[in-house]
Amino acid sequence: GVFGASQSNVCFTSANETAADETTFSDTGTFSGTPSTAYYPYTEGAADAAAVPVNIPAVQTYSDVTSVAAYDFKASSSAERQSDGSYRMRFRSMVTLLRLQIDLSAVSGLAADETLLSIGMTAGTGSLSGAFTCDLNNPDAGLTPVDAAATLTVDMAGRPALARCITPLSMLSRDSKHPPLW
C-alpha cells in the first residue's frame, strides 16, 4: 500500500515469485503524484498512514518459509526520486522473525513415530500476536497494540518426526513500547 499527498492506500504489486532483497512494485496506473510512505503486504481498507492495521495471528501454521511470509509486515517512511522518474523506497521489517531449532535426535527412548504437533509460547510481559497499528510516518515508534495477546502457537503442518532436527519459523510482534519478556 502506498500513500501520497493526495492518495491513500493505493495497491502496488510485485512481479517477483521468490524471495528477493530488492524488487520493483508497480500499480495499475491509478497512483499520481509523489509517494510519501508505503507498507507491505497490502491491506484493503487501510485509510490512515498513521494507523495501518497489522495482524499477527495467535495461531500460525508452519510448513515452510513462505507459510509465515504473509505476516512479515514492512514499512517505509520515505521515497527517493530516481533519475528515471521512479521512486526508491527502503522498507524495514516491523515484526520479529523467530527461528526455533528443536533437535531431539540424541534423546534415547524417543519412538521413531513421535511427531511435533505445535509449539506454544507465552511472554511474561508484552505482546506476541494480535491486532496492532503501524504509523508509517514514524516507524521508529514500532507497532502499537490494539487487541494484542501475550501468546502465540505454531502449528506444525505435516507433523514432522522428532527423530530429526526441526527448524520452524514464526512471526511475532516487535512492540517497542511493551517488548516481550521471556
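Our structure is the block above this text.
Residues numbered from 1 in each chain as written. Predicted model: local features only at pLDDT ≥ 70, side-chain atom pairs only at ≥ 80, totals over all residues. Heavy atoms only, no water.

### Observations regarding the nonpolar core
Now for step 1: Grouped together as the largest cluster of nonpolar side chains are 31 residues, with contacts concentrated most on Phe73, Cys134, Leu136 and Leu143.
Now for step 2: Listing elements by their share of this core, those giving two or more residues are strand E5 (52–56), strand E11 (95–99), strand E12 (118–122), strand E13 (129–134), strand E15 (151–156) and strand E16 (169–173).
Now for step 3: Counting residues in each nonpolar core, the second largest holds six residues, with Val10, Phe12, Ala38 and Met89 among its members. (Core = buried A, V, L, I, M, F, W, Y, C linked by side-chain atoms within 4.5 Å. Buried < 20%, exposed > 50% of the residue type's maximum accessible area, 1.4 Å probe, protein only. Helix = DSSP H or I, 4+ residues; strand = E, 2+ residues; numbered from the N terminus.)

### Remarks on the sheet that holds E12
Now for step 1: With respect to topology, three strands assemble into an open sheet ordered E6-E15-E12, the strand pairing being mixed. Looking along the sheet, the strands with just one partner apiece sit at the ends: strand E6 (59–62) and E12. The average angle at which neighbouring strand axes cross in this sheet is 20°, direction not considered.
Now for step 2: With four bridges connecting them, E6 and E15 associate as parallel partners. Note on E15: the bridge partner recorded for tyrosine 62 is methionine 156. (Pairing = 2+ DSSP bridges. Axes fitted to C-alpha atoms, helices over the stretch in contact; angles between N-to-C directions.)

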